[in-house]
Amino acid sequence: MNALVIKDHAIIGSLPTGITFTDQTLKIAKNSHFEDPIKITLKDDNNESLEIIVGESSQVKIILEIASEDTNQNVYDIKLTAKQNAIVKYLLVCDLASNDAKLHHYFTAERDAQMDLIGGFVSNVINAKMNAKLIGEGANVNLRAVAISSTDNKQVIDIEIIHAAPNSTGTMHNIAIANQNGKVVLNGVEKILKGMKNANAYQSLKGIIASDDAIIEVNPILLIDEYDVKAGHGATIGKLDEGSVFYLMSRGLNRKDAERLMINGFLNPIISEIDDEPLRERFVELVNQRL
Amino acid sequence: MSVLTISNLKVSIEDKEILKGVNLVVKSGEVHAIMGPNGTGKSTLASALMGHPKYEVTEGEVTLDEENILDLEVDERARAGLFLAMQYPAEVPGVTNSDFMRSALKAVNDGKQTPLFEFITKYENAAKELKMREDLPHRYLNEGFSGGEKKRNEILQLKMLKPKFAILDEIDSGLDIDALKIVGENVNDMVNSDFGCILITHYQRILDHIKPTNVHIMIDGKIVLSGGQELIEKIDQNGYEWVKEELGIDFQEAEQA
């Protein structure tokens, strides 16, 4: 694990070879292959912007942790570009105490680039945008986001994938979980521009309501301006399956533990991607505090 | 030794009475087979005993060692020593078999966690005895399991949790001959002075492997005839028609609810 901390727009500590940082831009040299993930922490540093550029044919996994106790307005702008043929896995863990946080992500996938993007949101009040643009032929973006809201939390998550190249593939699977009087609005938009033949778009949105006062809104939207494409979408909102709860309880687990186990199960595909063990444990803890 | 006593149990689903007064006493060391045509309430009895919310108990009493279990929540019944091997076990994505099993064991052992190494050894041995796949602990709970795998997973949980009484609801349906033998032998091995079992079935095949001490025939929400293994033979050869004539009751075989 390569761990970097950025505070006040400067790197604390030294950078691994193949990575440079100037003008709030982190560059990963082309043809570099990082076996271990790179974890970047933005530490109590609101009004932050950061650009990450992954060079041609490089392969890397980046874990970005944004955590702050600051309750004032927080604004973050994050850009991540995958150059030609690069393979990028990106994981965001966002835990902001702010009462007004704005977090904007702009992802760009160039020709034949593959991006696997995961966002984990356990914040108080946040408006998060994850915008992915496929600008090169053969680009492939897989986006997964999960938001967990509890007491007085309000999270609005906008996920958008834009196909601006033919033969591009974009999929999104988003999960919203709301407990107590928490609220999550999940907007999933997938856009295929005119002339982008053979584009593939798929989106699924899933809302899980864990209390009678919780609110979840999901809006699955496909905007397609081309005939020769494949696209599909689905959205569901519901309570936890009572049959499964009964099954788990019949083995001795109380209702709360049964529900907790099931919700952790939904999140497992995302949790298992967090290679950094302390961060994974903290994420699981944050999630479970809200259940 | 423990005793499970069911007295005059009446159960309804959406105001339709399914069980019309069931009486049954099961002691540790006994295996009670409950047989009967489709739709006579056998599975309702199983689910109602475990406390499934869909079933409403309108009358009667069920006690486990003098404790009235009808007042208990589902999980409390499990912790009191009751186990239901389900006809259609739920699939729970994202929850591994081993995580689930360990949480359940902790719950039934008054919150005491089994040391990891001891747990793994026990789990692997039990899985081996049931001839289950080696990657079982890491697979998600029943997700993508074949019918036979699900049934074996029920028995695996039974072996790990060691309840006082198990209700096996059609544990034999959908099993091929080999799986049936494995399941039957594993259940048979469990029966001892601390464990009793209610076996709900409408086939006879499983009874080649598990020898019941008592056999009951259930028709139209009631146990109409009780006896020993001689009843199995009689059903095997003559079906249930003779019961009608012998007892002078009329019923129609219905689809399973």
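Predicted model, so just to flag it, every value in this text is computed and none were measured.

Trainee: Sorry, what's going on with the overall build of chain B here?
Mentor: Within chain B, the regular secondary structure consists of eight helices and 12 strands. Whereas a compact globule of 257 residues would reach a radius of gyration of roughly 18 Å, chain B reaches 18 Å, a difference of no more than 12%. The principal-axis extent of the C-alpha atoms belonging to chain B is close to 60 × 40 × 35 Å. Of all 257 residues assigned to chain B, the portion counted as buried reaches 56%. Here the contacts in chain B between residues at least 6 apart in sequence split such that 70% fall between residues at least 24 apart. For chain B, the accessible area works out to roughly 11800 Å², and carbon and sulfur atoms hold 45% of it. Where the 28 positive side-chain charges of chain B centre and where its 44 negative ones centre are 4 Å apart.

Trainee: Explain the packing of helix α3 (residues 97–108) of chain B against helix α5 (residues 147–161) of chain B to me, please; I cannot follow it from the model alone.
Mentor: Helix packing geometry: the angle between the two helix axes and the distance between the axes. Residue and element names in this part refer to chain B. It is the contact of α3 with α5, at a shortest axis distance of 10 Å, that shows an interaxial angle of 35°. Both α3 and α5 take part in a crossing whose hand is right-handed. Here N97, F100, M101, A104, L105 and V108 of α3 lie close against α5, whose contacting residues are N153, Q157, M160 and L161. Taken together, the residues of the contact of α3 with α5 break down into seven nonpolar, three polar and no charged.

Trainee: Can you help me understand the pattern of salt bridges in this one?
Mentor: Where charged atoms of side chains with opposite charge meet at close range, the side chains can pair. All names here are of chain B. The full count for this structure, using the stated rule, is 30 salt bridges over all chains. The salt bridge involving K164 is made with D65; its shortest N-O contact spans 3.9 Å. Of this pair, K164 sits in the loop between α5 and β9 (165–169) while D65 sits in the loop between β4 (56–64) and β5 (67–68), placing them 99 residues apart in sequence. The residue E149 makes a salt bridge to R139 at a minimum N-O spacing of 3.0 Å. Of the two residues, E149 is situated in helix α5 and R139 in the loop between α4 (116–129) and β8 (140–141); the sequence distance between them amounts to 10 residues. Exposure class is identical for E149 and R139. Each is buried.

Trainee: What is the right way to look at the packing of α5(B) against helix α6 (residues 177–190) of chain B in this model?
Mentor: Residues and elements named next belong to chain B. Relative orientation of the contacting elements α5 and α6 amounts to 15°, with a least axis distance of 10 Å. Classified by the angle between their axes, α5 and α6 sit roughly parallel to one another. Handedness of the α5/α6 crossing: left-handed. Between α5 and α6, the contacting residues are R152, I155, L158 and K159 on the first element and V183, N186, V187 and M190 on the second. Per-class residue counts for the contact of α5 with α6 are five nonpolar, one polar and two charged.

Trainee: What is the right way to read the interface of chain B and chain A from this model?
Mentor: How large an interface is tends to be reported as the accessible area lost when its parts come together. Facing the 31 residues of chain B at the interface are 16 residues of chain A. Between chain B and chain A lies a buried interface of about 1800 Å² when both sides are counted; carbon and sulfur atoms form 70% of it. When the buried surface of chain B facing chain A is broken down by residue, B:D75, B:M86 and B:F100 rank first, second and third, together holding 23% of it. Here chain B is connected to chain A by one salt bridge. Taking the shortest distance from any N to any O, the salt bridge between A:R251 and B:E154 comes out at 2.6 Å. Applying the counting rule to chain B against chain A returns nine residue pairs in polar contact (both at pLDDT 80 or more). Elements supplying a minimum of two residues to the side of chain B that touches chain A: α2 (74–80), β6 (82–85), β7 (92–96), α3, β8 and α5 of chain B. Per-element tally for the side of chain B that touches chain A: the top contributor is α3(B), with five residues. Each residue belonging to the side of chain B that touches chain A can be placed in one class, and the counts come to 21 nonpolar, six polar and four charged.

Trainee: Please explain the side chain of B:Q157 as it appears in this structure.
Mentor: Within the element layout of this structure, B:Q157 appears in helix α5. Among all residues touching B:Q157, those that are not within four sequence positions of it are A:Y247, A:R251, B:F83, B:F100, B:M101 and B:L141.

Trainee: Explain the sheet that holds strand β2 (residues 10–12) of chain A here, please?
Mentor: Residue and element names in this part refer to chain A. Within the open sheet, the 10 strands sit side by side as β2-β1-β5-β7-β9-β11-β13-β15-β17-β19. Their pairing is mixed. In this open sheet, the two edge strands, each paired with only one partner strand, are β2 and β19 (230–239). On average, each strand axis in the sheet is tilted by 15° relative to the strand beside it, whichever way the strands run. Relative to strand β15 (residues 169–178), strand β13 (residues 140–149) runs parallel, the two being bridged by 10 bridges. The residue bridging R144 from the neighbouring strand is H173, located in β15. Against the sheet, helix α2 (residues 255–271) makes contact with β11 (114–121), β13, β15 and β17 (200–209), and its axis sits at roughly 145° relative to β13, the strand it touches most.

Trainee: Even after reading the chapter, I still don't get unusual backbone geometry, so can you show me in this structure?
Mentor: Keep in mind that most residues, glycine aside, have a negative phi and that most peptide bonds are trans. Residue and element names in this part refer to chain B. Non-glycine residue D15 carries a positive phi angle of around 70°. Mapped onto the secondary structure, D15 falls in the loop between β1 (3–13) and β2 (16–27). Here D15 falls in the exposed class, since its relative accessible area comes to 74%. Notably, N142 is not glycine yet its phi reads approximately 65°, a positive angle. Residue position: N142 is located in the loop between β8 and α5.

Trainee: I tried to follow the sheet that holds strand β3 (residues 19–22) of chain A on my own but got confused; where do I start?
Mentor: The pairing of strands in a sheet comes from backbone hydrogen bonds and takes either a parallel or an antiparallel form. All names here are of chain A. With mixed pairing, nine strands are arranged side by side in an open sheet as β3-β4-β6-β8-β10-β12-β14-β16-β18. The sheet is open, and its two edges are formed by β3 and β18 (215–224), each paired on a single side. Across this sheet, the average inter-strand angle for adjacent strands is 10°, counted without regard to direction. Inspection of the sheet shows strand β16 (residues 183–192) paired to β18 by 10 bridges, in the parallel sense. Looking at the pairing, L186 lines up with V218 of β18.

What counts, and where the lines are drawn
- Residues numbered from 1 in each chain as written.
- Chains lettered and ligands numbered in written order.
- Predicted model: local features only at pLDDT ≥ 70, side-chain atom pairs only at ≥ 80, totals over all residues.
- Heavy atoms only, no water.
- Helix = DSSP H or I, 4+ residues; strand = E, 2+ residues; numbered from the N terminus.
- Rg over C-alpha atoms; globule rule 2.2 N^0.38 Å.
- Buried < 20%, exposed > 50% of the residue type's maximum accessible area, 1.4 Å probe, protein only.
- Contact = heavy atoms within 4.5 Å.
- Areas by Shrake-Rupley, 256 points an atom, 1.4 Å probe, with all protein chains shown as cover.
- Lys, Arg positive; Asp, Glu negative; His and termini not counted.
- Charge placed at Lys NZ, Arg CZ, Asp CG, Glu CD.
- Axes fitted to C-alpha atoms, helices over the stretch in contact; angles between N-to-C directions.
- Left-handed = near helix turned anticlockwise from the far one by under 90°.
- Nonpolar A, V, L, I, M, F, W, Y, C, P; charged D, E, K, R; others polar.
- Salt bridge = Lys/Arg side-chain N within 4 Å of Asp/Glu carboxyl O.
- Parallel < 35°, antiparallel > 145°, perpendicular 65-115°, else oblique.
- Buried area = accessible area lost by both parts, 1.4 Å probe.
- Polar contact = N/O pair within 3.5 Å; in protein donor to acceptor, adjacent residues only side chain to side chain.
- Pairing = 2+ DSSP bridges.

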